[in-house]
Amino acid sequence: MEKIVDQEAAFQARIDAGEKIEPKDWMPEKYRKTHIRQISQHAHSEIVGMLPEGNWITRTPTLRRKVGLLAKVQDEAGHGLYLYSAAETLGISRDELFHQLHIGKAKYSSIFNYPTMTWADIGAIGWLVDGAAIINQVMLTRTSFGPYARAMVRICKEESFHQRQGYEIMLTLCEGTPEQKAMAQDALNRWWWPSLMMFGPRDAESPNTEQSVKWKIKRKTNDELRQQFIDITIPQAEILGITVPDPDLKWNEERQHYDFGEIDWDEFWQVVKGNGPCNKERLQARNDAWNNGAWVRNAARAHAEKRAEKERTAEAS
Amino acid sequence: MQKNERKKKEPQKQANLFTNYTIITNQYNMKGNPIWEVFIRSKNGLEHRHVGSLHAEDAKMAMENARDVYTRRQEGVSIWVVESKHITASNPSENGEMFDPAKDKAYRHPTFYDLPDELEHI
C-alpha cells in the first residue's frame, strides 16, 4: 500500500514538473482508465461525426463544396484512427473499443445526435462544432499523456481547414438571397446551444474536472473553454450579419467577456442519456457499417493468408 | 471435425443493451488483425519518424492504409511499416541502469575541456 502511495506521489511529481507520460510508464489505474474512456470517446465522436455531414455529400450545391466536404469527412475518419491508436497504447484492443460503441456503452459527443436538415447546417457544423472542438483540442495538445497529445497536434493541424470551409459556406449564404441568409440564421439558431453544450456540464457539476486538471489531462475547465468559444465566435457572427439566439448575450466591460444566458441542461442530459433526436439512428448506422463491412474484413484476411501461402510456396521451390 | 469448424465461423448474435436490434459479432475476425507502427520520411535528407500505428492484415495492406491515414497532405516521400510485435522496447522501470551510467561522463562533451578564450576555430 505504502509503495503505491509513493508511486502515486512520484507520478504526480512528474506531472507537476511538466513531464509527459508514455504508455509503458507506471501510472495510477485511474489515470489509465480515465484516458481509455476519454480518448475512446473522442475517437467515437470523430467516427460518429462523419454521419451528419455524410448526409449531405451527395447533395452539395457545387463541386467545390463537394470536394471540400469529402476531404473533411475523410479527415474525421483519419482522426478517429489516430485516436483509436492512442487508446490502444493503454492496453485495450480496437475490437473492444468498437464493441463498446456498438452496444451503446461508450459515449460520443452529443452534438452528433442532432440532425442536419439543410445545407446551411453543414456550414454551421464546420464553423461552430469544429470551432468548439478546436478550442478543446488545442488545449489537449499539451495534455500529459504523450500519445494523446501527439494525436492532437496532428488533428489540430488538419482541423482548421474544417472550420474555414464551414465559415465560407455560411458567408456565401449570408451574402446570397434573403432566403439563403435566413437558412444561415436558422442553422445558427439550431446549432448555437448544442455547440455550447459541447464543453460539458458547468464546473460545479463536473466532478471529474478537478482530478483531470491535477493530472493535466485538461488544462482548462469546461466553463473557461466555453467562455473562450463564445468570446471568439460572437465577432464572427457579426461579420456574417446573423445573431445568436440568446437574448441575454451582452458584452461585459468589467469582465472583458460576454455574459450569456442559461443553457438548457435538461436537454443536455436527455441527449447524453440517449434521448436526442438521432441517438438511435447514429448507433444503428455504426452497427450497420460494422456488420455490412464484415465481408471486407474477412476478404482482407483471406487475401493476406493466400498471399502468405504463395510466398511460402515460392520460397520452398 | 469439419462440421465443428464451420460452426465456429458462424456469426454470433448478441442482444444489444441499448436498442432492440442485434449485433453480429463475426468470430472469424474477432481474433483481431495485427497492429503496425508507421514511420514517415517527410523529405529526402531527413530520417523516418514514428507517426502512429494502424491495423492491417499484412504488410502490403498496412502500406496502403498508412498512405491513406498518414499522408493525406503530402506529409511524406517514404513510408516504413513494421508489425508492432517485432519492436523490442526498453523498459521504463529499468531506466536507471539503462541510462544513468552516461550521467557522470561529462568528459564526453566538448565543454569538459578547459581551453583559453582567445583560442579560435576549435
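A few points on the structure. (Residues numbered from 1 in each chain as written. Chains lettered and ligands numbered in written order. Predicted model: local features only at pLDDT ≥ 70, side-chain atom pairs only at ≥ 80, totals over all residues. Heavy atoms only, no water.)

## Some points on the overall build of chain B
Then, number 1: Helices and strands together make up the secondary structure of chain B, namely four helices and five strands.
Then, number 2: For chain B, the succession of helices and strands along the chain, N to C, is α-β-β-α-β-β-α-β-α.
Then, number 3: With 122 residues in all, chain B has 25% of them scored as buried.
Then, number 4: Contacts in chain B between residues far apart in sequence, at least 24 positions, make up 38% of those at least 6 positions apart.
Then, number 5: Accessible surface computed for chain B: about 9600 Å², of which carbon and sulfur atoms make up 52%. (Helix = DSSP H or I, 4+ residues; strand = E, 2+ residues; numbered from the N terminus. Buried < 20%, exposed > 50% of the residue type's maximum accessible area, 1.4 Å probe, protein only. Contact = heavy atoms within 4.5 Å. Areas by Shrake-Rupley, 256 points an atom, 1.4 Å probe, with all protein chains shown as cover.)

## With respect to the sheet that holds strand 4 (residues 48-55) of chain B
All names here are of chain B.
Then, number 1: Taking strand neighbours across the sheet as the criterion, the three strands line up as 4-3-5 in an open arrangement whose pairing is antiparallel. The open sheet has two edge strands with one neighbour each: strand 4 and strand 5 (78-83). Strand-to-strand twist in this sheet, taken as the mean axis angle between neighbours without regard to direction, amounts to 25°.
Then, number 2: Pairing of strand 3 (residues 35-41) with strand 4 involves seven bridges; the strand directions are antiparallel. Directly across from R41, in strand 4, lies its bridge partner H48.
Then, number 3: Against the sheet, helix 3 (residues 59-70) touches strand 3, strand 4 and strand 5, its axis set at about 110° to strand 4. (Pairing = 2+ DSSP bridges. Axes fitted to C-alpha atoms, helices over the stretch in contact; angles between N-to-C directions.)

## Topic: the packing of aromatic side chains
For any pair of aromatic rings, geometry is given as the distance between the ring centres together with the angle between the planes.
Residue and element names in this part refer to chain A.
Then, number 1: All chains considered together, the criterion is met by 17 aromatic pairs over all chains.
Then, number 2: Ring plane angle 50° and centroid distance 5.5 Å describe the contact between F199 and F229, whose orientation is recorded as tilted. Here F229 lies in helix 10 (residues 222-240) and F199 lies in the loop between helix 8 (178-197) and helix 9 (209-214), a separation of 30 residues in the sequence. Each member of the pair, F199 as well as F229, is classed as buried.
Then, number 3: Members of the aromatic cluster, connected to one another through ring pairs, are F11, W26, Y31 and W215.
Then, number 4: Sitting over the face of the ring of Y82, R154 holds its NZ or CZ atom 5.6 Å from the ring centroid.
Then, number 5: Directly above the aromatic system of W290 lies the positively charged group of R297, at a separation of 3.5 Å from the ring centroid. (Phe/Tyr/Trp six-rings, centres within 6.5 Å; stacked < 30°, edge-to-face > 60°. Lys NZ or Arg CZ within 6 Å of the ring centre and 35° of its normal.)

## Points about the pattern of salt bridges
Residue and element names in this part refer to chain A.
Then, number 1: Evaluation of the coordinates by the stated rule reveals 29 salt bridges over all chains.
Then, number 2: A salt bridge links D130 to K72, with the nearest nitrogen and oxygen atoms 3.0 Å apart. Here K72 lies in helix 4 (residues 63-88) and D130 lies in helix 6 (residues 119-140), a separation of 58 residues in the sequence. Judged on exposure class, the residue D130 and its partner K72 are both buried.
Then, number 3: Several salt bridges converge on common partners, so that one network encompasses E53, K72, E76 and D130. (Salt bridge = Lys/Arg side-chain N within 4 Å of Asp/Glu carboxyl O.)

## Digging into the packing of helix 7 (residues 146-174) of chain A against helix 8 of chain A
Any two packed helices are characterised by the angle at which their axes cross and by the distance between the axes.
All names here are of chain A.
Then, number 1: Viewed as axis vectors pointing N to C, helix 7 and helix 8 meet at an angle of 140°, and their least axial separation amounts to 7 Å. Classified by the angle between their axes, helix 7 and helix 8 sit oblique to one another. Mapping the contact onto sequence places M170, L173 and C174 in helix 7 and Q180, K181 and A184 in helix 8. (Parallel < 35°, antiparallel > 145°, perpendicular 65-115°, else oblique.)

## A word on the environment of W295 of chain A
Residue and element names in this part refer to chain A.
Then, number 1: Note that W295 resides in helix 13 (residues 294-316).
Then, number 2: Taking the C-alpha atoms as reference, W295 lies 25 Å from K105; in sequence the two are 190 residues apart.
Then, number 3: A distance of 3.3 Å separates a polar atom in the side chain of W295 from the backbone oxygen of N292. (Polar contact = N/O pair within 3.5 Å; in protein donor to acceptor, adjacent residues only side chain to side chain.)

## Concerning the pairing of strand 5 of chain B
Residue and element names in this part refer to chain B.
Then, number 1: Burial of the side chains of strand 5 is restricted to one face: I79, V81 and E83 are buried, whereas none of S78, W80 and V82 on the reverse face is.
Then, number 2: Taken together, the six bridges between strand 3 and strand 5 define a ladder with antiparallel strand orientation. Within strand 5, the position partnered with R41 by the bridge is S78.

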